[in-house]
Amino acid sequence: MEEKLKAELKIYKLKALKEKIVLIGVVLILLAEVLVLFMFLKKNFSFNKPITKPYVAEININKTITVKYINSLMDKMDRLKKDKNLKAFLLVFNTPGGSPSGSDEFNAYLKHLQKEKKVYAYIESMAASGGYYIISAVKPVVANKNAVVGSIGVIMPHFVIEKLAKKLGVEEDTITVGKYKEPISWFKKASPEQKKYLLNHLLLPTYNNFLQTVAKERNISVDKLKQYADGKIYIANSVKGILVDKISSLTKFKEQIKKETNATEFVKINLTKKKLPFLNVKIDTDLDDLLKGYLNQ
C-alpha cells in the first residue's frame, strides 16, 4: 500500500512539474511576442519627440495609378501640409502609369497645392503614361539620366476567351437595352464598327485630353508634343528640354532642395498599412504621422 502511494505521489509530482514547464513555456512565448510587438512598434512608429525642425516630406509614387491610390495620396498630403514645420514635398516617381482619371485628378491637385506649399518632383526609375501626365504639373521635371519617361498614349486591353469558353461549355447571354450598351464582349472579337465606336468615343478623347494637358504644362505646342506622344518610351537624357528639364541624381537634387527650403532633413512618408506580427491586423500609417508629430493640428 505504501509503495502504491509513493508511486502515485511520484506520478503526481511529475504531472505538476510538467504543468509548470508548460506554463513557463507559455509565459516565455507571450513575453517574446510582447517584445517583438514592442520592437515592431518602436521601429515602425518611432515613439520619439515630434519633429520641430524644418523638413521635406518625401513620397515615393511607386504603384500603378488608380483613383483609390491617388485619393490616399491627396488625403495624406492634405494632412501634412498643415504642419508648420513642413517646407516642401518631394515626389519621387517610380510608376508605369495607370488610370487617366486618377492621373488627371492628381495633376490638378498638384497645381493647386503649389499655391500653398513648394512641390519638387524627381523621376528615379520611371514616370510613364499616367505617371508623366501627373509629373508634368510640377516644374522643373528633374530625372535620373537613365529614367524612363513618355509612353504618352491610351490603351484598352481586350481579351477574347471564345475558344476557352466553348471548351468549358460557357455561353454568353447578356441582355441589354441600347445598341452600344455592351460595346465589346470577351466572348468574341470586336467588330470594325465596335472598334471605331470605342476609338472615337473613348480612346481618342482621352488621348486628346492627355495631349492638351501635358502641352499646356510643358509650355509646348500640341503638334510638337505629338512627335513624342505616339506611345514611345524615352530615356530621360535623350528628351532633355522637351519632356525633362534637368538631369541629376536624387542625392544632388536633395542637396539643392535643402538649400532652397532651409530644411534640415527629409522624412519619408509611408502610405501602406503595416501588419502587426502574430496578428492578422493592419495598422493605418496615419498613426505613424501622428506619433512622429508631423501634424501640428
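Please read these numbers as outputs of a predicted model, since none were measured by experiment. Every chain is numbered independently, its residues counted from 1 as its sequence is written. Side-chain atom pairs in this predicted model are given and counted only at pLDDT of 80 or more, local residue features only at pLDDT of at least 70, and totals for whole chains, interfaces and linings cover all residues. For side-chain calculations, the full set of non-hydrogen atoms in the structure is used, while hydrogens and water are omitted.

Section: the side chain of Ser185
With respect to the helices and strands, Ser185 occurs in the loop between α5 (162-168) and α6 (192-218). We call a residue buried when its accessible area falls under 20% of the maximum for its residue type, exposed when it is over 50%, and partly exposed in between, using a 1.4 Å probe and counting protein chains only. Judged by its relative accessible area of 4%, Ser185 falls in the buried class. Nitrogen and oxygen atoms within 3.5 Å of one another constitute a polar contact, given that in protein one can donate a hydrogen and the other can accept it, and given that sequence-neighbouring residues count only through two side-chain atoms. Engagement of the side chain of Ser185 in a polar contact is seen with the side chain of Glu172, the distance being 2.8 Å. Contacts are assigned to residue pairs that have any heavy atoms within 4.5 Å of one another. If sequence neighbours within four positions are ignored, Ser185 has contacts with His158 and Glu172. Strands here are runs of E lasting at least two residues and helices are runs of H or I lasting at least four, both read from the DSSP assignment and numbered beginning at the N terminus.

Some thoughts on the pattern of salt bridges
Take a side-chain nitrogen of Lys or Arg and a carboxyl oxygen of Asp or Glu: if they are within 4 Å of each other, that pair is a salt bridge. In this structure the tally under the stated criterion is 10 salt bridges. The shortest N-O distance in the salt bridge between Asp245 and Arg218 comes to 2.9 Å. One end of the pair, Asp245, is in the loop between β6 (233-235) and β7 (246-247); the other, Arg218, is in helix α6, with 27 residues separating them in the sequence. Here the residues in one salt-bridge network are Asp78, Lys81 and Glu116, joined through shared partners.

What about the packing of aromatic side chains?
Between the rings of Phe, Tyr and Trp (Trp by its six-membered ring), a pair exists once the centres lie within 6.5 Å; its type follows the angle of the planes, with under 30 degrees stacked, over 60 edge-to-face, and the other angles tilted. This structure, assessed with the given rule, holds six aromatic pairs. Their ring planes at 15° and their centres at 6.0 Å tell us that Phe106 and Tyr109 sit as a pair that is stacked. One end of the pair, Phe106, and the other, Tyr109, are both in helix α3 (residues 100-113), three residues apart, so they sit about a helical turn from each other. Look at Tyr109 and you get buried, because its relative accessible area is 11%. Centre to centre, the rings of Tyr133 and Phe210 are 4.8 Å apart; their planes meet at 40°, and the pair counts as tilted.

Regarding the packing of helix α2 (residues 67-80) against α3
Angular values range over 0 to 180 degrees, each being the angle between N-to-C directions of two axes fitted as lines to C-alpha atoms, with helices fitted over their stretch in contact. One can describe the packing of α2 onto α3 by two numbers: an axis separation of 9 Å at closest approach and a directional angle of 15°. On the basis of the axis angle, α2 is roughly parallel to α3. Viewed along their axes, α2 and α3 form a crossing whose handedness is left-handed. Contacts between α2 and α3 involve Val67, Ile70, Leu73, Met74, Met77 and Asp78 on the former and, on the latter, Gly102, Glu105, Phe106, Tyr109, Leu110 and Leu113. Partitioned by chemical class, the residues of the contact of α2 with α3 number nine nonpolar, one polar and two charged. Any angle that falls under 35 degrees is termed roughly parallel, while one over 145 is termed roughly antiparallel, one within 65 to 115 roughly perpendicular, and all others oblique. Note: crossing handedness is left-handed where the near helix turns anticlockwise from the far helix by less than a right angle, and right-handed where it turns clockwise. Basically, the charged four are Asp, Glu, Lys and Arg, the nonpolar ten are Ala, Val, Leu, Ile, Met, Phe, Trp, Tyr, Cys and Pro, and anything else, Gly included, counts as polar.

All quantities given are derived from atomic positions and should not be read as evidence of function.
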